[in-house]
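Analysis of the macromolecular model
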Amino acid sequence: MGFEEDYQVFMNAHLQARTGERLRRLQEGHNQAEKLFLEQVWWPSFYHFQ
């Protein structure tokens, strides 16, 4: 899987596992900066989100 596909699986799993305030903060607080960090720092280092 590439970054985009793996990222969507990662986000969907976390969105389904959260409720209440944690879900709201994930939906509202996960923006461009967080995605850029995952794409430019995390993904090139590990190639997965496990």
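Preceding this section is the structure that the text describes.
Each chain has its residues counted from 1, running along the sequence as written. Whole-chain, interface and lining totals are the exception, using all residues; otherwise, since this is a predicted model, local features are given only for residues with pLDDT of at least 70 and side-chain atom pairs are given and counted only at 80 or more. Hydrogen atoms and water are omitted, and side-chain values are computed over all heavy atoms in the structure.

What follows is about the overall build of the protein chain. We count a stretch as a helix when DSSP gives it H or I for four or more residues in a row; a strand needs E for two or more, and each element gets its number in order from the N terminus. The number of helices and strands found in the protein chain is three helices and zero strands. When its helices and strands are written in sequence order, the protein chain yields α-α-α. Three labels apply to residues, based on accessible area from a 1.4 Å probe with only protein chains included: buried if under 20% of the type maximum, exposed if over 50%, partly exposed otherwise in between. By the burial criterion, 18% of the 50 residues in the protein chain qualify as buried. When contacts within the protein chain are restricted to residue pairs at least 6 apart in sequence, long-range pairs at least 24 apart make up 53% of them. Only four residue types enter the tally: Lys and Arg on the positive side, Asp and Glu on the negative side, with His and both chain ends excluded. To locate a charge, the coordinates of NZ of Lys, CZ of Arg, CG of Asp or CD of Glu are taken. One way to put it: in the protein chain the 5 positive side-chain charges average out to a point 11 Å from where the 7 negative ones average out. Residues count as neighbours in contact if any of their non-hydrogen atoms are within 4.5 Å of one another.

Take the buried residues of types Ala, Val, Leu, Ile, Met, Phe, Trp, Tyr and Cys, join any two whose side-chain atoms come within 4.5 Å, and each joined set is a nonpolar core. Formed by Phe3, Tyr7, Met11, Leu26, Leu38, Trp43 and Phe49, the largest nonpolar core amounts to seven residues. For this core, the secondary-structure elements that each account for two or more residues are α1 (3–17) and α3 (32–46). No other element matches the three residues that α1 contributes to this core. If we skip the residues at most four places from it in the chain, Trp43 touches Met1, Gly2, Phe3, Asp6, Leu38, His48 and Phe49.

One less than the residue count of a helix, multiplied by 1.5 Å, gives the span that helix is expected to have. The end-to-end C-alpha separation of α3 is 20 Å, in line with the 21 Å expected for 15 residues at 1.5 Å each. If you look at α3, its biggest bend is around 30°, right at Leu38. Once α3 finishes, Tyr47 follows within two positions and takes phi at roughly 60°, a positive value. Consider a residue and the seven residues that end there alongside the seven that start there; fitting an axis to each set, the bend is the angle between those axes.

Another aspect to go through is the side chain of Asp6. Mapped onto the elements of the fold, Asp6 is located in helix α1. We define a salt bridge as a contact between a side-chain nitrogen of Lys or Arg and a carboxyl oxygen of Asp or Glu at a distance within 4 Å. Although buried, Asp6 forms no salt bridge, and the nearest oppositely charged side chain, Lys35, lies 13 Å from it. Not counting chain neighbours up to four residues away, the residues in contact with Asp6 comprise Met1, Trp43, Tyr47, His48 and Phe49.

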